[in-house]
Amino acid sequence: MEGKGVTAEESPSPGRDGIERRIDTRSAGADAASAADMDESMAAPEGEREADAGESAPREPGDPEPGDPEPGDPEPGDPEPGDPEPGDPEPGNEVALPGAWQRSRVRVDARLLEATLLNLRKRIAAIPLVFDIRGADEVSAERSKLLSQIDDYLLPRVRQSAAPILVALVGSTGAGKSTLVNSIVGTQVSLTGVRRPTTNSPVLACHPDDIGWFAENMFLPTLPRVRQEGLARPGRDGLLVLAASEGMTKGVALLDTPDIDSVVRAHYDFAYQFLDASDLWLFMTSASRYADAPVWEILQHARERGAALGVILSRVPPSHRTELVAHFGAMLDANGITANNRFVIPETGIVDGMLPADIFQPIRDWLTETAHREDRRVAVLSQTMAGVLDTFKVRVPKLAAHVDAQVTLRIRLRRDAEAAYANALEDFRAGTADGQLLRGEVLARWQDYAASGDLSAALRGKRGTRPAKGRRARKGTATPRPAALDQALRTALESLVLSVADRAAEQVAGAWRADPAGAALLASAEASRARGEQAEREFESAFGASPGDQGAKQPTFDRSSPDLPPRITRAVSAWQDQLMRLIQAGRKSSQESEPISLVAVVAMLAEPGSQTPGAQGPDETAAVPWELLTPVFGAAEARELTGTARQDLADRVGLLLDEELLRFIEILDEAGPVDPVAAVRLYQAEYSLEAVR
């Protein structure tokens, strides 16, 4: 049952915890003895176990006598197994770990292993999990488990390999765990009963000389604990009760964990937390519940983790012992559960709340031998620690793959938003270059202005606008033709910008909502906006609304920002002012700048060379403004002026669209930062851990 071929030697020079340890293993397995047959080992008289393989088995003819050198042992004069070799770690910084390769010796530098674990922990804690993609909840829980295993088990055990072995007694409700703990300790330290107490307060029993290790924050550092005084009593939920007793063997602690089939989820999670921080699992189930699903869930977890495991089948009726033991053993074998130490506790009377000595004594002896025999201790610690680290080879890459998916999602969502607004800018450029704006009211106002003679008079330096007469003059409603054309051009440009911006917002929102994670981001942002609006309404109801806030309401992200129209108006006005300055700097005569700027805008919108292929632009409308601009600037200069004006307008509109795009970028940023190389760092940290092992 216990490992053979495992040696341990101590050096007098001090190590991390006061002694220098050098531990060698001769095989990758932590337990080299053959497992006893389930039917024979558990069908033996109550509590008896099959003798250790290699200790009491008869020798065959030809076997070497005790003390004779075994094949492969070094000859006299050869280097001793403990002698340092080139590249070996410094003495005093070594722990035993079964390697992935079948090597005759495995040496691990404890300090280097600790540093590597700390680096891996840092990378795991820093991974970005900001998007609710498929598997996000599972990955978040897995990250918590990995951090817990590193903090609660691996780092404490690497730092203090000589600390007491922690045995977690885990099992089903009513299996008799607390009774067994009390029997082994020799006093009442854990409450007993057919039904477990509802409190979630596990009890850890150990020798008084060992309680310091468990009382300090080296073991499960984040878990609050209290020392038990007097009779057994539970603590409050989430509290570890420490019970020191002279009846416990030095070097081993027994933990009575919450039931694995508890209906309270917190109790269930608490039990798994202790299992992940334990060196040895002692699983206990009853003859009436060994086939329940929670039993095999925890046993599968033990198999996946590679933990050192012992199994107890309790409350076995003597009349059905053979059948029950055989069936349970067959189920263990069928599920690949390797448990070389298997015990049977029959149905028996309880005396003063404890089992008869001959029932629990084999289990107590096994725990004592495990704590005192260095080869067994090394085998247990090596197997469990290596089992945990072996799972990292699969779990950490899965975590890294999920991080990659997070990064990919963020890049795709941002790319969708940027592409939509880039297309919106191109649509605006096309809309101002194909003559489409010279339709409707713009065309009517231009034709009215050009045909009235006012434009020709203004270009000749004369006042061409005649005073209004009749009813329009009396009412003061007459609008000068230049102002009417200017207003029509402004309205057309502003409408085009708002149209392409709304279309871009609709495209981005639609693309994001097509993905569950993007839809969740938008829903969260809209909910936050709704809360802000509610707060504003409550403020206004108490203190009154500001003049500029009357009726303001934030729309959904399917449309542009509510303040975009006034920003467009300001941008178009600024663009027209800049165009006026260009005209004043480039004109060759003393004509007024305002009529020329209107002609330049019309010429820009109807420039024949800028019309899209196949567009049916108004030829007459396109020709007239150029005929008017050429005498003022010259043909080349007029083309340069309209080209500069078009680029300036596109730049200003691009800034407006960038501000609209920023709404979606802010949603991504508010979700949290996503490090694009976090996955690479995870892979590197896991690779470093494997290299150290």
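Here the structure is shown first, and the text comes after it.
Because the structure is predicted, anything quoted here is derived from the model rather than measured.

What counts, and where the lines are drawn
- Residues numbered from 1 in each chain as written.
- Predicted model: local features only at pLDDT ≥ 70, side-chain atom pairs only at ≥ 80, totals over all residues.
- Heavy atoms only, no water.
- Helix = DSSP H or I, 4+ residues; strand = E, 2+ residues; numbered from the N terminus.
- Buried < 20%, exposed > 50% of the residue type's maximum accessible area, 1.4 Å probe, protein only.
- Contact = heavy atoms within 4.5 Å.
- Areas by Shrake-Rupley, 256 points an atom, 1.4 Å probe, with all protein chains shown as cover.
- 1 Å grid on protein atoms, 1.4 Å probe; cavity = no way out; pocket = protein on both sides within 12 Å on 5 of 7 lines; lining within 4 Å.
- Points joined across faces, edges and corners; volume = space filled by probe spheres on them.
- Expected span 1.5 Å × (residues − 1).
- Arc of directions from axis to C-beta.
- Polar contact = N/O pair within 3.5 Å; in protein donor to acceptor, adjacent residues only side chain to side chain.
- Pairing = 2+ DSSP bridges.
- Nonpolar A, V, L, I, M, F, W, Y, C, P; charged D, E, K, R; others polar.

**Concerning the overall build of the protein**
Within the protein, the regular secondary structure consists of 20 helices and 12 strands. Expressed as a percentage of its 693 residues, the buried residues of the protein come to 48%. Counting contacts in the protein only where the partners sit at least 6 residues apart, residues at least 24 apart contribute 80% of the total. Only carbon and sulfur atoms are counted for the fraction: they give 51% of the accessible area of the protein, which is about 32,900 Å².

**Considering empty space enclosed by the protein**
Using the criterion set out here, one finds 4 cavities of 30 Å³ or more in the structure. In this structure, the second largest cavity occupies an estimated 70 Å³ of space. Around the second largest cavity, the lining residues are Asp-152, Tyr-153, Pro-156, Arg-157, Pro-164, Leu-166, Trp-213, Phe-219, Ala-277 and Asp-279. Ranked by residue count, the leading element in the lining of the second largest cavity is helix H3 (residues 136–159), at 4 residues.

**Here we look at the side chain of Arg-490**
Residue position: Arg-490 is located in helix H14 (residues 481–513). Ignoring any residue separated from it by four or fewer positions in sequence, one finds Arg-490 in contact with Thr-569, Val-572, Ser-573 and Gln-576.

**Describing helix H2 (residues 110–125)**
In this model, H2 (16 residues) spans 22 Å end to end at C-alpha, consistent with the 22 Å of a helix rising 1.5 Å per residue. Inspection of H2 places Ala-110, Leu-113, Glu-114, Thr-116, Leu-117, Leu-120 and Ile-124 among the buried residues, and these make up the whole buried set. Looking straight down H2, one finds that the buried residues subtend no more than 165° of arc, so they occupy a single side. For H2, the N-terminal cap is Asp-109; the gap from its side-chain oxygen to the backbone nitrogen of Arg-111 is 3.0 Å.

**What to know about unusual backbone geometry**
Phi at Arg-315 is positive, roughly 55°, even though this residue is not glycine. In this structure, Arg-315 sits in strand E11 (residues 308–316). Look at Arg-315 and you get partly exposed, because its relative accessible area is 41%. Even without glycine at this site, Asp-352 takes up a positive phi of about 55°. Tracing the backbone shows Asp-352 in the loop between strand E12 (341–346) and helix H9 (357–372). Since its relative accessible area comes to 71%, Asp-352 is described here as exposed.

**A word on the pairing of strand E9 (residues 252–256)**
Taking burial as the measure, the 5 residues of E9 include 5 buried ones, the bulk of the element. Where burial is concerned, the two faces of E9 agree: the one with Val-252, Leu-254 and Asp-256 and the one with Ala-253 and Leu-255 are both buried. Across 5 bridges, the pairing between strand E5 (residues 165–171) and E9 is parallel. Looking at the pairing, Val-167 lines up with Leu-254 of E9. Looking at chain direction, strand E6 (residues 203–206) and E9 are connected through 3 bridges and run antiparallel. Looking at E9, one finds that Val-203 is bridged to Asp-256.

**Description of the pairing of E12**
Along E12, 6 of the 6 residues are buried, which leaves the element largely enclosed by surrounding structure. Because side chains alternate across E12, one face comprises the buried residues Asn-341, Phe-343 and Ile-345, and the other comprises Arg-342, Val-344 and Pro-346, equally buried.

**What about the layout of surface pockets?**
Reported here for the largest pocket is a volume of approximately 800 Å³. Lining the largest pocket are 24 residues, with Ala-141, Glu-142, Lys-145, His-301 and Arg-395 positioned closest to its centre. At the level of elements, H3, helix H6 (265–275), helix H7 (293–305) and helix H10 (374–431) are the ones that each hand at least two residues to the lining of the largest pocket. In terms of residue count, the dominant contributor to the lining of the largest pocket is H3 (8 residues). Here the lining of the largest pocket is composed, by residue class, of 6 nonpolar, 7 polar and 11 charged.

**Considerations on the environment of Val-185**
Looking at the secondary structure, you find Val-185 in helix H4 (residues 177–185). Val-185 sits 62 residues away from Gly-247 along the chain, and the two C-alpha atoms are 4.9 Å apart.

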